[in-house]
Amino acid sequence: MKFLDEYRDYSAVQRMAQAIRLGTTRPWTLMEVCGGQTHTIVKTGLQDLLPEAITLVHGPGCPVCVTPVEMIDRAVAIARRPEVILCSFGDMLRVPGSTQSLFDAKALGGDVRIVYSPLDALQLARSNPTREVVFFAVGFETTAPANAMAIWEAERQNVPNFSMLVSHVLVPPAMEAILSSQDCRVQAFLAAGHVCMVMGYEEYLPISQKYHVPIVVTGFEPLDLLEGVHMAVAQLESGRAEVENQYSRAVRRSGNRPAQKRIAEVFEVTRQAWRGIGEIPLSGLRLRGSYRSFDAEVRFPVDVDRAEESCECIAGLVLQGQRKPYDCPAFGTRCTPDTPLGAPMVSSEGACAAYFHFGRRKEDGDSIMSIATASL
Amino acid sequence: MAILSCPLPRPASNRILLAHGGGGRLTNHLIESVFLSAFSNSALEAQHDGAVFSANETRLAMTTDSYVVQPLVFPGGTIGDLAVNGTVNDLAMCGARPLALSAGFVLEEGLSLDTLRDIVASMAKAARVAKVPIVTGDTKVVDKGKGDGLFVNTAGVGLVMAPTLVGPESVCPGDAVLVSGDLGAHGIAILSVRNGLEFEGEVKSDTAPLWTAIEALFDAGVEVHCLRDLTRGGLSSALNEIASLARLRITVEEARIPVSGLVRGACELLGLDPLYVANEGRFVAFVPEGHADHALEVLRSQTVSASAVRVGMVHEDSCGMVTLQSRVGGHRVLDMLSGEQLPRIC
Amino acid sequence: MCLAVPGKIVTIVEESNLGLRRGKVDFCGIRKEVCLDYTPEARLGDYVLVHVGFALSTVDEQEAQRVFEALRQLDQLDELKEGAT
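A quick note: this is a predicted structure, and the numbers were derived from the prediction, not measured. (Residues numbered from 1 in each chain as written. Chains lettered and ligands numbered in written order. Predicted model: local features only at pLDDT ≥ 70, side-chain atom pairs only at ≥ 80, totals over all residues.)

Draft legend 1. Fine view of the overall build of chain A. For chain A, the count of helices and strands is 16 helices and 13 strands. For 376 residues, the compact-globule estimate of 2.2 N^0.38 gives 21 Å, and chain A sits close to it at 21 Å. Each of the three principal axes of chain A carries a C-alpha extent, and together these read 65 × 45 × 45 Å. In chain A, the proportion of contacts linking residues at least 24 apart, taken out of those at least 6 apart, comes to 76%. (Helix = DSSP H or I, 4+ residues; strand = E, 2+ residues; numbered from the N terminus. Rg over C-alpha atoms; globule rule 2.2 N^0.38 Å. Contact = placed C-beta atoms within 7 Å.)

Draft legend 2. Examining the sheet that holds strand E10 (residues 249-253) of chain B more closely. Residue and element names in this part refer to chain B. Pairing within the open sheet is mixed, and its 7 strands lie in the order E9-E11-E8-E12-E10-E13-E14. Looking at strand neighbours, the two that pair on one side only are strand E9 (226-229) and strand E14 (331-333), the edges of this open sheet. When strand polarity is set aside, the average angle formed by the axes of neighbouring strands in this sheet is 25 degrees. Sheet analysis places strand E13 (residues 322-325) next to E14, joined by 3 bridges and oriented antiparallel. Its bridge partner being in E14, Thr 323 is matched across the sheet by Val 333. Relative to E13, helix H7 (residues 234-246) is tilted by about 130 degrees, and along the sheet it contacts strand E8 (176-179), E9, E10, strand E11 (283-287) and E13. (Pairing = 2+ DSSP bridges. Axes fitted to C-alpha atoms, helices over the stretch in contact; angles between N-to-C directions.)

Draft legend 3. Expanded view of the nonpolar core. Of all hydrophobic cores here, the largest spans 254 residues; its most connected members are Leu86(A), Ala191(A), Ala266(B) and Ala55(C). In terms of residue count, helix H11 (residues 222-237) of chain A provides more of this core than any other element does, 8 residues in total. Residues contacting Ala55(C), with those up to four places away along its chain left out, are Val25(C), Val34(C), Cys35(C), Leu36(C), Tyr38(C), Thr39(C), Ala42(C), Val48(C), Leu49(C) and Val50(C). (Core = buried A, V, L, I, M, F, W, Y, C linked by C-beta atoms within 7 Å. Buried ≥ 20, exposed ≤ 12 C-beta atoms within 10 Å, placed from the backbone.)

Draft legend 4. How the structure looks around the domain arrangement of chain B. Residues and elements named next belong to chain B. For chain B, the assigned domains read domain 1 (49-160) and domain 2 (168-333). Measuring from the centre of the C-alpha atoms in domain 1 to the corresponding centre in domain 2 gives 23 Å. Opposite the 21 residues of domain 1 that make contact, domain 2 presents 22 residues. When residues of the side of domain 1 that touches domain 2 are traced back to their parent elements, those giving at least two are helix H3 (79-92), strand E5 (96-108) and helix H4 (113-130). Broken down by element, the side of domain 1 that touches domain 2 gets its largest block of residues, 8 residues, from H3. (Domains from an automatic or database assignment.)

Draft legend 5. Region of the structure containing the pairing of strand E8 (residues 215-218) of chain A. All names here are of chain A. Judged by which residues are buried, E8 turns out to be covered on both faces: Ile 215 and Val 217 on one side and Val 216 and Thr 218 on the other are all buried. Two strands pair when backbone bridges link them, and strand E7 (residues 188-192) and E8 are joined in this way by 4 bridges, in the parallel orientation. Of the residues in E8, the one forming a bridge with Ala 192 is Thr 218. Where E8 lies against strand E9 (residues 243-245), 3 bridges are found, and the strand directions are parallel. Note on E9: the bridge partner recorded for Ile 215 is Val 243. Read from E8 through H11 to E9, the crossover connection turns out left-handed. (Right-handed = clockwise from strand over helix to strand, strands pointing away.)

Draft legend 6. Representation of the confidence of the model for chain A in the model. When pLDDT is averaged along chain A, the result is 89; 93% of the residues meet or exceed 70. Segment residues 362-376 of chain A: pLDDT under 50, and 17 contacts once partners within four positions in sequence are set aside and those in other chains are kept. (pLDDT = per-residue confidence, 0-100.)

Draft legend 7. Region of the structure containing the packing of helix H2 (residues 35-44) of chain A against helix H15 (residues 351-358) of chain A. All names here are of chain A. The geometry of H2 relative to H15 is characterised by a closest axis approach of 9 Å and an angle of 15 degrees between their N-to-C directions. On the basis of their axis angle, the class for H2 and H15 is roughly parallel. With respect to the hand of their crossing, H2 and H15 are arranged in right-handed fashion. Contacts between H2 and H15 involve Thr 38, His 39, Val 42 and Lys 43 on the former and, on the latter, Ala 351, Ala 354, Tyr 355 and Phe 358. (Parallel < 35°, antiparallel > 145°, perpendicular 65-115°, else oblique. Left-handed = near helix turned anticlockwise from the far one by under 90°.)

Draft legend 8. Summary view of the interface of chain A and chain C. On the side of chain C, 29 residues touch chain A, which itself brings 37 residues to the contact. Breaking the side of chain A that touches chain C down by element, the ones donating at least two residues are helix H1 (10-23), H2, helix H6 (118-127), helix H7 (144-156), helix H9 (193-199), H11 and helix H12 (257-266) of chain A.

Draft legend 9. Main features of the domain arrangement of chain A. Residue and element names in this part refer to chain A. As far as domains go, chain A holds domain 1 (20-62 + 179-245), domain 2 (64-171 + 255-299) and domain 3 (315-374). A straight line from the C-alpha centre of domain 1 to that of domain 2 covers 30 Å. Listed as interface residues are 11 residues of domain 1 and, on the opposing side, 15 residues of domain 2. Top contributing element to the side of domain 1 that touches domain 2 by residue count: H9, with 6 residues. Grouping the amino acids of the side of domain 1 that touches domain 2 by side-chain chemistry returns 9 nonpolar, 2 polar and no charged. (Nonpolar A, V, L, I, M, F, W, Y, C, P; charged D, E, K, R; others polar.)

Draft legend 10. Looking closely at H6(A). Most of H6(A) sits out of view: 7 of its 10 residues are buried. Burial in H6(A) covers these residues: Pro118(A), Leu119(A), Asp120(A), Ala121(A), Leu122(A), Leu124(A) and Ala125(A). Against strand E3 (84-88), strand E5 (132-139), H7 and strand E6 (162-169) of chain A together with strand E3 (30-35) of chain C lie the buried residues of H6(A).

Draft legend 11. Highlighting the pairing of strand E1 (residues 28-32) of chain A. Residue and element names in this part refer to chain A. Burial of E1 is extensive: 4 of the 5 residues sit out of reach of the surface. Chirality of the crossover, the property in question, places the unit of E1, H2 and strand E2 (residues 54-58) among those that are right-handed. The pairing of E1 with E7 spans 3 bridges and is parallel. Looking across to E7, one finds that Leu 30 is bridged to Ala 188.

Draft legend 12. Region of the structure containing unusual backbone geometry. Phi is positive for Leu282(A), close to 50 degrees, though the residue is something other than glycine. In this structure, Leu282(A) sits in strand E11 (residues 278-287). Phi at Lys131(B) takes a positive value of approximately 55 degrees, unusual for a residue other than glycine. With respect to the element layout, Lys131(B) can be found in the loop between H4 and strand E6 (134-142).

Draft legend 13. Main features of the environment of Ala126(B). Residue and element names in this part refer to chain B. Within the secondary structure layout, Ala 126 lies in helix H4. Along the sequence, Ala 126 and Pro 163 sit 37 residues apart, while their C-alpha atoms lie 27 Å from each other. When sequence neighbours within four positions are dropped, the list of residues in contact with Ala 126 reads Gly 80, Asp 81, Val 84 and Asn 85.

Draft legend 14. Structural view of the sheet that holds strand E2 (residues 58-67) of chain B. Residue and element names in this part refer to chain B. Ordered in space as E1-E2-E7-E5-E6, the 5 strands form an open sheet in which the pairing is mixed. Edge strands, defined here as strands with exactly one partner in the open sheet, are strand E1 (51-55) and E6. Ignoring which end each strand starts from, the neighbouring axes of this sheet average 20 degrees apart. By the bridge criterion, 8 bridges tie E2 to strand E7 (residues 150-160) in an arrangement that is antiparallel. Paired with Met 62 across the two strands is Val 157, which belongs to E7.

Have a look at this one:
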């Protein structure tokens with residue numbers, strides 16, 4: 001596939017890895033923010049190609065993982081209503097709320113359907129005028145243009161039986177929250193390439209300056225990630241702290257203006273709770289007043305109990321990159337994808353799930369990957 | 001900094017979920033905890049695609065499978081094709097030539113007779129191609145709303161032709177892992193017409209009877225240690241089951257695994273991993289290293305396995321896991337699915 | 001949520017009445033209908049990055065080559081070094 005396969009080429013990737021090795025003289029800790037990047041790194045075993053001096057930590061880049069429990073409970077309660085068709089991306093279906101996931105709601109008779117696009121949900125609403133179609137809109141800025149368009153179209157075409165349950169999160173405030181934490185060990189960021197494809201990267205300039213951290217806008221293929229690391233390490237080794245764009249084939253400095261315009265028409269910035277981290281000011285989106293009639297939270301008011309805190313899950317520390325999943329005492333034993341204690345184990349993009357599935361475990365002091373590489 | 005918080009664990013579900021049918025970890029857990037524990041016997045505990053047992057001096061194989069696919073008709077076939085080929089293939093994976101099939105139907109009130117005729121016609125055709133008669137059957141009708149249109153169960157009896165025991169217990173360190181052709185076509189063909197995930201693109205199900213390819217291996221004197229057809233859960237599930245039962249480690253090389261351009265495009269679009277996508281006309285074979293080249297030659301002479309390739313090998317290691325070397329040279333564990341693989345956008 | 005996949009625009013349907021600009025995008029033979037409203041500059045034959053049914057960026061083919069050019073230069077530097085020793 002053009003513009004994918006070239007960035008998965010063995011020789012090119014090995015060559016870039018060599019360039020990183022030659023350019024690294026000291027240990028560095030880099031954070032990649034996006035769940036899609038975590039997924040590629042762990043799935044392709046990219047860490048094997050990096051020198052030991054470079055530590056990649058995974059940030060809160062999984063909107064599924066950070067969706068507040070109350071929001072999932074709300075979605076489940078709405079899905080249980082007989083008149084409702086609850087539409088969602090596949091990612092969200094398995095995430096547990098305080099007692100149930102959307103999958104459970106489906107098992108108990110709720111009409112829960114996977115869609116590829118929010119426009120598919122809108123189409124469902126048009127073809128089912130006697131039902132209420134609710135779309136569970138979870139995501140980063142990457143997905144906001146699509147969700148904004150669905151609402152905009154719903155209003156333009158007058159589709160009264162369509163509404164949206166919104167839980168959108170914004171990346172730059174989360175990066176700042178991590179950087180401002182006392183225990184922050186992150187020295188450089190690989191910024192989420194597709195988020196920047198929409199929003200541009202100008203908002204990272206003040207962050208880079210304030211905290212003196214290199215920020216490299218990075219893509220998702222193995223070659224992209226390695227080049228992003230290469231560029232970040234080059235900055236670190238020379239004491240620079242700038243914003244650079246590795247993913248230049250897709251990202252422009254000012255981003256996608258028409259998309260930003262539509263987002264601003266439909267949504268406004270608000271405070272947002274991040275599951276596992278807590279509340280971060282001005283880090284979420286909600287529907288503007290003029291579109292509030294499409295807000296499923298308003299249309300279907302639901303009493304949701306505040307979820308109780310648990311002591312065992314260290315999701316917050318994992319999401320901030322301060323612990324690896326296998327540092328958690330429950331990892332792989334009491335907490336597995338089948339019996340998750342927290343969100344990062346449930347979503348396929350969550351760091352804990354990725355580490356579990358792709359084998360980065362510590363058993364008897366050795367990563368299971370030492371078994372994989374032993375005979376090669 | 002804000003308080004770090006995480007909600008209480010979710011209590012384990014006491015209901016059947018769709019994920020229990022996914023072919024991954026949850027399915028296996030259901031089988032072990034509910035069925036195996038109740039029905040225990042040695043044939044069942046071998047947990048192979050079919051059961052092998054003796055009647056006087058003759059070795060027979062028996063298997064059963066139920067088909068619940070939606071939609072009933074999809075590019076490349078119908079539920080009828082799956083019902084015949086699936087059971088024929090389970091017998092083939094025991095090294096058995098299919099002798100006869102039964103077919104049980106559960107029909108939903110309101111199902112169109114034309115639809116039923118089409119499906120039955122496709123079953124008849126598939127049975128002719130596989131050279132197996134459908135000798136007995138049953139029909140029941142359930143109330144509207146209780147049957148998803150149509151469910152089919154087929155059971156099959158076969159004559160074991162394999163000279164040696166074919167199953168996970170026969171797998172040895174050093175064995176070559178061969179795959180009979182490109183992966184993921186069936187699962188993607190189904191998705192291409194399932195509501196909510198439609199796309200254009202001519203991906204046809206790979207449903208096909210596999211006995212002729214297996215028979216060719218035996219006739220050519222290839223020593224076959226284990227066979228498994230790749231169904232729900234894809235290549236990954238089959239390899240994990242075998243590695244776990246054989247208590248050995250299997251390694252595969254991603255670059256060798258065949259996936260067609262169309263299936264690849266669909267998987268990229270939907271965020272699916274082809275190694276977990278369902279097949280209905282593909283199998284994996286474990287043969288000693290010394291027989292691998294000959295086995296590939298024989299397989300490639302048969303239409304159903306014309307694109308057979310070697311994808312990995314078996315190692316001395318009791319961890320019972322499958323590991324993968326990625327295209328770019330890194331390594332990871334190829335884990336069992338825990339439930340269904342869902343399309344993702346992240 | 002970040003999965004955006006590159007595909008080639010093979011048809012474009014402009015709808016005048018405030019309607020959505022749509023097109024069919026080809027991913028290795030798989031074709032999906034995609035909203036092109038956010039990439040007004042995109043033309044037939046261009047590659048776009050598609051996320052949940054929306055084209056969000058046109059692929060800059062020149063920039064796409066940049067990393068390979070950089071790798072080639074690294075190789076040339078290596079050759080020079082080897083030549084000098």
